[in-house]
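# A structural walkthrough
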Amino acid sequence: MSIDLSHFDLVAENDIVVVPVDKLVDVATYLRGQGFEYFVYCCAAHYPASESEPDRALVEYRLRRLPAEDVALRLWIPSSDACPSLAGLWQAADWQEREQFDLVGVRFAGHPDLRRIMLPEDWPGHPLRRDYAIDTRHFPWR
Amino acid sequence: MAVNEENETFVHPLYEALERFPGADVGLTTADRVLTWGLTNALWVFPMATSCCGIEFMAAACSRFDLDRIGTIARGTPRQCDVMVIAGTITVKMAPRVKKLWDQMPEPKWAIAMGSCAISGDFYRDIYSVVPGVDTFMPVDVYVPGCPPNPDALFMGIRRLQEKIRLKREGKWTEPELRPDTPGLRSPAIGRLGDPGRDACTSQAQLDAVLGLDPGGGLRRPDQKS
């Protein structure tokens, strides 16, 4: 697989590429070969179902080629589906993906160690989802 | 004779040992005074510092204020400490760890809740992950309010703790420390989704705010105005 990087505005902060879920690993592997060796972040957000759109989640990866060229890969997946993990390509993605799983509830297929990283191990639910009640009390402290 | 945490009197084992010697009971009052003096002026603290109150604690321990001059030395292990200073927000995940460290401290031991977050959770109180005050899971002797309290306030708290220890060892009943009132304490302003009491306008506004975000992302050139 090859991508013509000349179409990308690599210096702009907001340069975001929407990638189909099944192409993510291919695209990421190619970019890694092109010198994008610095994994900046992985973030995720949950969007509730509306009249026009079903319940879905956004996952975004930002990669950097030093000194200052960025590209962001964005995915839209149904929030119950799994997203392919990039932890095999960048080790830095390991904990970042665990954090997104912990707080937003996005599962990452192929992740080596998908456990909660911030909340207690027995925490019910994922608090940054839109359908999570903000005043949920956690036993026994609340 | 001394008074413990529950305001019950008990006989210290040291007195039992001293009472075996004839005539030693004459010196017991003096010995008690000396022991109290030693106890109140060697309060080694375990800084349970989790956030910005910990910075104020560090400032209090540094040379400008110098906690050492009242015998309060910070130690890195609970096993050598008399006082636990809880300085900072305690989360639901941290609370069992704090309790475990508290249980590892040898008796006699005291706790100071330093700052609004340790006292009541302050404005993190309604967040899903924050404990609303450390006195929900462990005893607290002195509350030092402030956000964060400055080193002077922490000194005041330690002096109050010394006074409390002294009065208790003299067998005088002391007023239990009251948690400072948090004005305007109430349930969360935004009810949970699907709550009958929740404002429909709020739900719609939140939904609009979410759906108004740029859904496509896509490739944008700098000359394109999105």
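## A closer look at the pairing of strand β3 (residues 45-49) of chain B
As judged from the five bridges shared by β3(B) and strand β4 (residues 83-87) of chain B, these two strands associate in the parallel manner. The residue bridging B:A49 from the neighbouring strand is B:A87, located in β4(B).

## A short note on the pairing of strand β5 (residues 110-114) of chain B
Residue and element names in this part refer to chain B. Burial within β5 is extensive, with five of its five residues counted as buried. Where burial is concerned, the two faces of β5 agree: the one with W110, I112 and M114 and the one with A111 and A113 are both buried. With five bridges connecting them, β4 and β5 associate as parallel partners. The residue bridging V85 from the neighbouring strand is I112, located in β5. With helix α4 (residues 95-104) bridging β4 and its parallel neighbour β5, the resulting β-α-β unit is right-handed. Where β5 lies against strand β6 (residues 142-144), three bridges are found, and the strand directions are parallel.

## Brief notes about the packing of helix α3 (residues 52-61) of chain B against helix α6 (residues 151-169) of chain B
Residues and elements named next belong to chain B. In the contact formed by α3 and α6, the axes pass within 9 Å of each other and the chain directions differ by 80°. Relative to α6, α3 is oriented roughly perpendicular. Where α3 abuts α6, its residues E56, F57, A59 and A60 lie against P151, L154 and F155. When its residues are assigned to classes, the contact of α3 with α6 shows six nonpolar, no polar and one charged.

Definitions and cut-offs
- Residues numbered from 1 in each chain as written.
- Chains lettered and ligands numbered in written order.
- Predicted model: local features only at pLDDT ≥ 70, side-chain atom pairs only at ≥ 80, totals over all residues.
- Heavy atoms only, no water.
- Pairing = 2+ DSSP bridges.
- Helix = DSSP H or I, 4+ residues; strand = E, 2+ residues; numbered from the N terminus.
- Buried < 20%, exposed > 50% of the residue type's maximum accessible area, 1.4 Å probe, protein only.
- Right-handed = clockwise from strand over helix to strand, strands pointing away.
- Axes fitted to C-alpha atoms, helices over the stretch in contact; angles between N-to-C directions.
- Parallel < 35°, antiparallel > 145°, perpendicular 65-115°, else oblique.
- Contact = heavy atoms within 4.5 Å.
- Nonpolar A, V, L, I, M, F, W, Y, C, P; charged D, E, K, R; others polar.

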